Amino acid sequence: MGELGRRLLRASAQGLKAWRLLPASWILLSAVGPLVPARAANSASVNANLTMQGFTGVKDLFASTGSASGSVQLTWTEPTGAGVTLPTFYDIRVSTEGQINTNAEFNAAPPLSSFSASAIPSPGFGGTSKSFEITDLAIGVTHYFAIREYDSSTPELRGVWYRSVAQNWNPNNFAVPKAQLLFDIKNLVGSSGFKSAILCWDDLTPAQKGSSFTGYDIYRSLVFPPTFGSIGTSATTCYTDSAVQVGTTYYYQVTGQLGVFETLPSSTVAVYIRTLPPTPPIGIGIAVTSGSATLSWLPVYSFENGYGFATSSAPAADELIGYRVYRATSPIQISWSQAGAVSSATLTWTDLSAAAPMYYAVRAVNLTEISRPSVIRAYPGREGIVVLPDGWSMLEMSGSVADEALGVGAPTTQGAYDIFGSSKPQDITTQAAGVGKVLKSLEVWPMAGGVTPSYRRVLSGLSRLKLHYETTGGLVAPSSLRGAAPASSQAVPQGVIETPENISVYWYNGTRWQQLYGKLDSLRKMFLLDTVYFGRYQLRSVERVGGFNVDVSGLSNRILTPNGDGKNDTVVVVFDNPRDSSVGGKIIDLKGASVASMTQGPVANSLQWDGKASNGNVVPGGVYIYQIDAEGKIFNGTVVVIK
């Protein structure tokens, strides 16, 4: 080993000060190069190995069009150093004539100050990424950039500049600043989608686009006043930014790109990034004692659109944070107050100050949203209540019926239910053939797991459906959501006089609308129906006879197949009984012999027969007669049993 090699080993062992042991006439090359005299620093052979004169050379300088007209963005990796003195400044050279390939060409090229007043940033630690936007450059002109790093030692230590496309050293060190046109993008609108920002704007005219239009640039800032950076392009007039964080506000602008020209930016819009509400808690149970009520529910695993959480056992904050319990002294038309809150891992809450009457609902909460209220449970009677979209109408279930309908105690959400109501205002302007005008239309369904309608499910006992109506000048007026106008521009049907003789409830049985009559509560502006059916209901203007009546249209089906398959296993006769008269019903055969008594049907004013004789056995196939009697009247009809 020669003297120089020994000095290098000592330098490595003793630190950077050992560099001062080297003769001034020698410099250190890169790890792959030899030691050569200082006079060779600018030779082609030295450049080929990216000589390090105190600092490694910049090998990854990248230039791109900047965020503003007349700007270029430079990025590179901070060089590592081997000198005693820390790096002190960068020297950036620029040419608009052609590439700067070597140290000699670097020294001959004009400094950045000849093109822009942008202040060159100070060097930092080696190995980190550096970014610098140069402004006020000549638009539409290709600018070629080169960079070296210096320190303040004597003699001065510096990096070198060398460009080689073949060796992938600084192949993209040039860019064209864009020009700004004197028109802008109009009507930029931003809104939050599901964990995303949705941007839309007006298209440029064909004359504005010309032949060089390439698309739209989208700019974003996290701070205000904004500091915009480009995040993407769009060939259309809408853009979805999904690289965002829920609960954060982002600021956006859009420009049009026409080759080297750019429009003025659009106005700035702010978008607060939201997620979706979770589904309401389901399987809502209530246990009561004197002065206390304990609510329970099953965990929420999905958003209201049915999308499941990424990890159901450990939901993220933008999926589920916890649950809030609300209470009120009435289920409708009163303010609800938050009574408690628990984490997503807690599925019960106890009110130790329950006082009759008290109503409870539970909501699921995430970072930005809150779910619809759950089905309401009441204290002390444990009733279950579903308030329908108009804020007045409701379905009331007894405690035991509610427990069964909601799947209280189910081990998983697959066996539990939400009950959800919706309005159908589009029906209000229609004339139902032969059965009056529609004054109100809505539907109510059980939702398995909180998300899937269960169309064939029925309630285990009669429950009261209360349909609110509105009056104007003593007439029942068409209504949808809290008096909102019907969705259609068609003429609204005229109101009818507020009497039981002029209004009736209809239910859609899957094939036709069936009249179920109902009762008028004029004091509370409600039409009442006791039913086990979910589904679609309407209030219609009709002419009723005013006394007990059985109409053939009230027969659910004429053919009975009592085989237990859930189809035509019973026959139901619905009647109008406005005076609440005593009603009897029986089944007789064609010889007049008594076969069975009819039992309470699926709505209050109905009777049904299941095709069985009084002894519980299924009757032989054939024709049978049902006989309904009330108020001294007898109504007969026939059904056919097929086995």
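Look up: the structure comes first, before these words.
Residues numbered from 1 in each chain as written. Predicted model: local features only at pLDDT ≥ 70, side-chain atom pairs only at ≥ 80, totals over all residues. Heavy atoms only, no water.

(A) The arrangement of the layout of surface pockets in detail. Estimated volume of the largest pocket: approximately 920 Å³. V458, W507, N509, Y533 and G566 are, among the 28 residues lining the largest pocket, the residues nearest its centre. Mapped by element, the contributors of at least two residues to the lining of the largest pocket are β34 (503–508), β37 (526–533) and β38 (535–541). Grouping the constituent residues of the lining of the largest pocket by class yields 10 nonpolar, 13 polar and 5 charged. (1 Å grid on protein atoms, 1.4 Å probe; cavity = no way out; pocket = protein on both sides within 12 Å on 5 of 7 lines; lining within 4 Å. Points joined across faces, edges and corners; volume = space filled by probe spheres on them. Helix = DSSP H or I, 4+ residues; strand = E, 2+ residues; numbered from the N terminus. Nonpolar A, V, L, I, M, F, W, Y, C, P; charged D, E, K, R; others polar.)

(B) Fine view of the packing of aromatic side chains. Counted by the stated rule, this structure contains 18 aromatic pairs. Arranged with centres 5.0 Å apart and planes meeting at 75 degrees, the rings of F194 and F303 form a pair that is edge-to-face. Of this pair, F194 sits in the loop between β10 (189–193) and β11 (196–200) while F303 sits in the loop between β19 (292–296) and β20 (322–328); the two residues are 109 residues apart in sequence, bridging distant segments of the chain. By relative accessible area, F303 is classed as buried at 1%. Between F213 and Y216, the ring centres sit 5.1 Å apart and the planes meet at 65 degrees, which makes this aromatic pair edge-to-face. A relative accessible area of 21% means that F213 is categorised as partly exposed. Residue class for Y216 comes out buried when judged on its relative accessible area of 1%. By way of ring pairs, the aromatic residues F194, F303, Y307 and F309 are connected into one cluster. When the ring centre of Y508 is taken as origin, the NZ or CZ atom of R536, which lies over that ring, is 5.9 Å away. (Phe/Tyr/Trp six-rings, centres within 6.5 Å; stacked < 30°, edge-to-face > 60°. Buried < 20%, exposed > 50% of the residue type's maximum accessible area, 1.4 Å probe, protein only. Lys NZ or Arg CZ within 6 Å of the ring centre and 35° of its normal.)

(C) Highlighting the pattern of salt bridges. What the rule picks out here adds up to 20 salt bridges. Among the salt bridges present, the one from R327 reaches D351, with a minimum N-O distance of 2.7 Å. On the criterion of sequence distance, the pair formed by R327 in strand β20 and D351 in strand β22 (residues 348–351) is long-range, its members being 24 residues apart. Overall, the relative accessible area of 24% leaves R327 in the partly exposed class. Overall, the relative accessible area of 3% leaves D351 in the buried class. (Salt bridge = Lys/Arg side-chain N within 4 Å of Asp/Glu carboxyl O.)

(D) Local environment of the state of the cysteines. Counted under the stated rule, the structure contains 1 disulfide. Across a sulfur-sulfur distance of 2.0 Å, C200 and C238 are joined as a disulfide pair. A torsion of 110 degrees about the S-S bond marks the disulfide between C200 and C238 as right-handed. Taken together, the positions of C200 in strand β11 and C238 in strand β14 (residues 238–241) put the pair 38 residues apart, joining distant regions of the chain. The class for C238 is partly exposed, based on a relative accessible area of 35%. (Disulfide = S-S within 2.5 Å.)

(E) Spatial organisation of helix α5 (residues 399–406). Most of α5 sits out of view: 6 of its 8 residues are buried. Inspection of α5 places G399, V401, A402, D403, A405 and L406 among the buried residues, and these make up the whole buried set. Summarising the contacts, the buried residues of α5 are in contact with β24 (376–379), β25 (384–387), β26 (394–397), β27 (417–423) and β30 (458–468). Remark: G407 follows α5 within two positions and exhibits a positive phi of approximately 70 degrees. (Contact = heavy atoms within 4.5 Å.)

(F) How the structure looks around the sheet that holds strand β39 (residues 549–555). Strand order in this open sheet of 4 strands is β39-β41-β45-β44, and the pairing throughout is antiparallel. Where the open sheet ends on each side, the last strands, each with one partner, are β39 and β44 (599–600). Here β39 runs beside strand β41 (residues 571–576); their pairing, made up of 3 bridges, is antiparallel. Bridging from a neighbouring strand, V550 pairs with F575 of β41. (Pairing = 2+ DSSP bridges.)

(G) Main features of empty space enclosed by the protein. All told, the structure shown has 1 cavity of 30 Å³ or more when counted by the stated rule. There is about 30 Å³ of room inside the largest cavity. Along its surface, the largest cavity is lined by Q514, L516, Y533, S556, V572, V574 and P602. Broken down by secondary-structure element, the contributors of at least two residues to the lining of the largest cavity are β35 (513–517) and β41.

(H) Structural view of the side chain of E78. By the element assignment, E78 lies in the loop between β4 (72–77) and β5 (87–95). For E78, the residues in contact, after removing those within four places along its chain, are Y90, P123, G124, F125, G126, G127, T128, K130 and E149.

(I) Structural context of the environment of G159. Tracing the backbone through its elements, the reader meets G159 in the loop between β7 (143–151) and β8 (174–175). Linking G159 and T80, residues 79 residues apart in sequence, is a C-alpha distance of 9.5 Å.

(J) Just the environment of N366, in detail. Tracing the backbone through its elements, the reader meets N366 in the loop between β23 (358–365) and β24. For the pair N366 and Y323, spaced 43 residues apart in sequence, the C-alpha separation works out to 8.9 Å. Apart from residues no more than four positions distant in its own chain, N366 is found in contact with T275, L276, P277, P278, F303, A317, D318, E319, L320 and I321. From its side chain, N366 meets the backbone oxygen of L276 in a polar contact 2.8 Å long. Within the structure, the side chain of N366 is placed 3.4 Å from the backbone oxygen of E319, a separation counted as a polar contact. (Polar contact = N/O pair within 3.5 Å; in protein donor to acceptor, adjacent residues only side chain to side chain.)

(K) Broad picture of the pairing of β11. In this sheet, β11 lies alongside β10 in antiparallel orientation, the contact comprising 5 bridges. Looking at the pairing, V189 lines up with C200 of β11. Hairpin connection between β10 and β11: a loop of 2 residues separates the two successive antiparallel strands, and K195 in this loop has a positive phi of roughly 55 degrees. With 4 bridges joining them, β11 and β14 adopt antiparallel strand pairing. Bridge pairing in β14 places C200 opposite C238.

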